[in-house]
Amino acid sequence: EYIRSSYFNKKEDTRFSSSVGKFVGFTEQGVKFAAAWNSNPSILSRAKAQKEVYCLNHVPVYYNNILTKS
């Protein structure tokens, strides 16, 4: 699962979760940002593609390294 959170004044403002598939806001300003980002298909598709960039390419490498160390 890919999660990207944004913080403002040490409080979580927005979060994108690949399992949810959209941005979620936790503050008043974060809800506004999330609504704007969710209505923009290019931002939403870019965020969904980050799972493949970070997770799917790196998990096999980390997994194999863990198996060889145990």
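Bear in mind the structure is a predicted one, so any value in this text is a computation, not a measurement.

A. Quick look at the UniProt feature "domain: MHC class II beta chain N-terminal" (unreviewed entry) in the chain. Within the UniProt annotation, "domain: MHC class II beta chain N-terminal" (unreviewed entry) is assigned to residues 1–63. Counted over residues 1–63, helix gives 54% and strand 27%. Its end C-alpha atoms are 15 Å apart.

B. Fine view of the nonpolar core. Judged by nonpolar contacts, Tyr2, Phe16, Phe23, Ala34, Leu44, Ala47 and Cys55 together constitute the single largest core of 7 residues. When residues of this core are assigned to their parent elements, the largest contribution, 3 residues, is made by helix α2 (residues 41–69). What Ala34 contacts, discounting residues up to four positions off in sequence, is Thr14, Phe23, Val24 and Gly25.

C. How the structure looks around the layout of surface pockets. Considered as a void within the structure, the largest pocket measures approximately 230 Å³ in volume. If you trace the largest pocket, you find 13 residues lining it, with Arg4, Phe23, Ile43, Arg46 and Ala47 closest to the centre. At 4 residues, α2 tops the list of elements feeding residues into the lining of the largest pocket. Taken together, the residues that form the lining of the largest pocket break down as 6 nonpolar, 4 polar and 3 charged.

D. Local environment of the pairing of strand β1 (residues 3–8). Among the 6 residues of β1, 0 are classified as buried, and the element is accordingly described as predominantly exposed. Direction of pairing for β1 relative to strand β2 (residues 11–17): antiparallel, over a ladder of 6 bridges. When the sheet's bridge partners are listed, Arg4 is paired in β2 with Phe16. A loop of 2 residues connects β1 with β2, the two strands running antiparallel in sequence, and Asn9 in this loop sits at a positive phi of about 55°.

Scoring rules and cut-offs
- Residues numbered from 1 in each chain as written.
- Predicted model: local features only at pLDDT ≥ 70, side-chain atom pairs only at ≥ 80, totals over all residues.
- Heavy atoms only, no water.
- UniProt positions renumbered as here; feature names shortened; annotations may be inferred.
- Helix = DSSP H or I, 4+ residues; strand = E, 2+ residues; numbered from the N terminus.
- Core = buried A, V, L, I, M, F, W, Y, C linked by side-chain atoms within 4.5 Å.
- Buried < 20%, exposed > 50% of the residue type's maximum accessible area, 1.4 Å probe, protein only.
- Contact = heavy atoms within 4.5 Å.
- 1 Å grid on protein atoms, 1.4 Å probe; cavity = no way out; pocket = protein on both sides within 12 Å on 5 of 7 lines; lining within 4 Å.
- Points joined across faces, edges and corners; volume = space filled by probe spheres on them.
- Nonpolar A, V, L, I, M, F, W, Y, C, P; charged D, E, K, R; others polar.
- Pairing = 2+ DSSP bridges.

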